[in-house]
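If you want the building blocks of each chain, they are given just below.
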Amino acid sequence: MVSIFPSYLAPLREALLGRAISRGLLELTVHDLRAWTHDVHQAVDDSPYGGGPGMVMRPQVWGDALDDVLAGPPARLVVPTPAGRPFTQALAREFSAEERLVFACGRYEGIDQRVLDDAARRVTVDEVSIGDYVLVGGEVAVLAIVEAVVRLLPGVLGNPRSAAEDSFSDGLLEGPAYTRPEVWRGLAVPDVLRSGNHALIDRWRRDRSLERTHRRRPDLLEALPADALDRADRAL
Ligand SMILES: OB(O)c1ccc2cc[nH]c2c1
């Protein structure tokens, strides 16, 4: 990863991801973009051609940084930007199959487009958005993307079924989850979950997932393949 705020990415070395690194399941290197500046002010930005608010990140600095960081084993360059294509669970799975990912964290009004165009001559460049809102820089998006990708790597999650049964893994939102106590503040766990009848439990969970998806994300239902819903689903 390349950023002007390397410490922003420190959380990636905590908890589950930190344990995955110490177990050798992945390697993480964070580079300070300013290491590729040569002026006393370590300038990484300049005024935008054509005018307008804010500053744009300079191509020379990013070009030199990516020349170095992209050297070596083939990598895929991921650039978070509000103007990117949506980052989805499907794209997380795609990224998790890559041997190496390089993340470019922009700031200000973004990175000079020629940096991405130049990189695209050598590697696959993915400009991705984590949602329809605007952050101050790419670092927070990288934290989200890396967590979504790394948890899919074999051995990272304790129970491999967790990733397989994620929200979105079957195209739907996950339904509600419960644990002890059986009654909490007058609210009881649904009886079916304590019935021991796993066929019934699976059906109930599927129904709650379909209901929640219909209510909160009808677009996901629309996007399902024609054969994704069985007769019981459609009866709901
Ligand atoms: O909202 B975002 O995901 C995002 C990503 C990168 C930059 C760079 C400057 N603002 C940004 C916002």
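We now turn to the structure provided with this report. Not measured: the values here are computed from a predicted model.

Reading the values: the criteria
- Residues numbered from 1 in each chain as written.
- Predicted model: local features only at pLDDT ≥ 70, side-chain atom pairs only at ≥ 80, totals over all residues.
- Heavy atoms only, no water.
- Helix = DSSP H or I, 4+ residues; strand = E, 2+ residues; numbered from the N terminus.
- Rg over C-alpha atoms; globule rule 2.2 N^0.38 Å.
- Buried < 20%, exposed > 50% of the residue type's maximum accessible area, 1.4 Å probe, protein only.
- Contact = heavy atoms within 4.5 Å.
- Areas by Shrake-Rupley, 256 points an atom, 1.4 Å probe, with all protein chains shown as cover.
- Near = heavy atom within 4 Å.
- Polar contact = N/O pair within 3.5 Å; in protein donor to acceptor, adjacent residues only side chain to side chain.
- Nonpolar A, V, L, I, M, F, W, Y, C, P; charged D, E, K, R; others polar.
- Patch = residues over 30% accessible without salt bridge, like charges linked within 9 Å, V, L, I, M, F, W, Y side chains within 5 Å.
- Salt bridge = Lys/Arg side-chain N within 4 Å of Asp/Glu carboxyl O.

1. A word on the overall build of the protein chain
Right, on to step 1. Helices and strands together make up the secondary structure of the protein chain, namely nine helices and nine strands.
Right, on to step 2. Against the compact-globule benchmark of 18 Å for 236 residues, the protein chain has a radius of gyration of 22 Å, which places it well outside the compact range.
Right, on to step 3. Viewed in the frame of its principal axes, the protein chain has a C-alpha envelope of about 70 × 40 × 40 Å.
Right, on to step 4. Counting across all 236 residues of the protein chain, residues that qualify as buried make up 38%.
Right, on to step 5. Looking at the protein chain alone, contacts between residues at least 24 apart form 71% of all its contacts between residues at least 6 apart.
Right, on to step 6. Taken as a whole, the protein chain presents about 14,300 Å² of accessible surface, with 53% of it coming from carbon and sulfur.

2. Digging into the site of the ligand
Right, on to step 1. Lining the immediate environment of the ligand, one finds 13 residues, of which Pro80, Gly106, Tyr108, Tyr133 and Leu135 sit closest.
Right, on to step 2. Separating an oxygen atom of the ligand from a backbone N or O atom of Tyr133 is a distance of 3.4 Å.
Right, on to step 3. Leu135 places a polar main-chain atom, nitrogen or oxygen, 2.9 Å from an oxygen atom of the ligand.
Right, on to step 4. Coverage of the ligand by the protein amounts to 95% of the 310 Å² it exposes when considered alone.
Right, on to step 5. Per-element tally for the shell around the ligand: the top contributor is strand S5 (residues 76-86), with three residues.
Right, on to step 6. Its residues placed into classes, the shell around the ligand shows eight nonpolar, four polar and one charged.

3. What to know about a nonpolar patch on the surface
Right, on to step 1. Residues Phe5, Tyr8, Tyr133, Leu135 and Val140 make up a contiguous nonpolar surface patch of about 430 Å² in total accessible area.
Right, on to step 2. Looking at the element boundaries, Val140 is found in helix H5 (residues 139-150).

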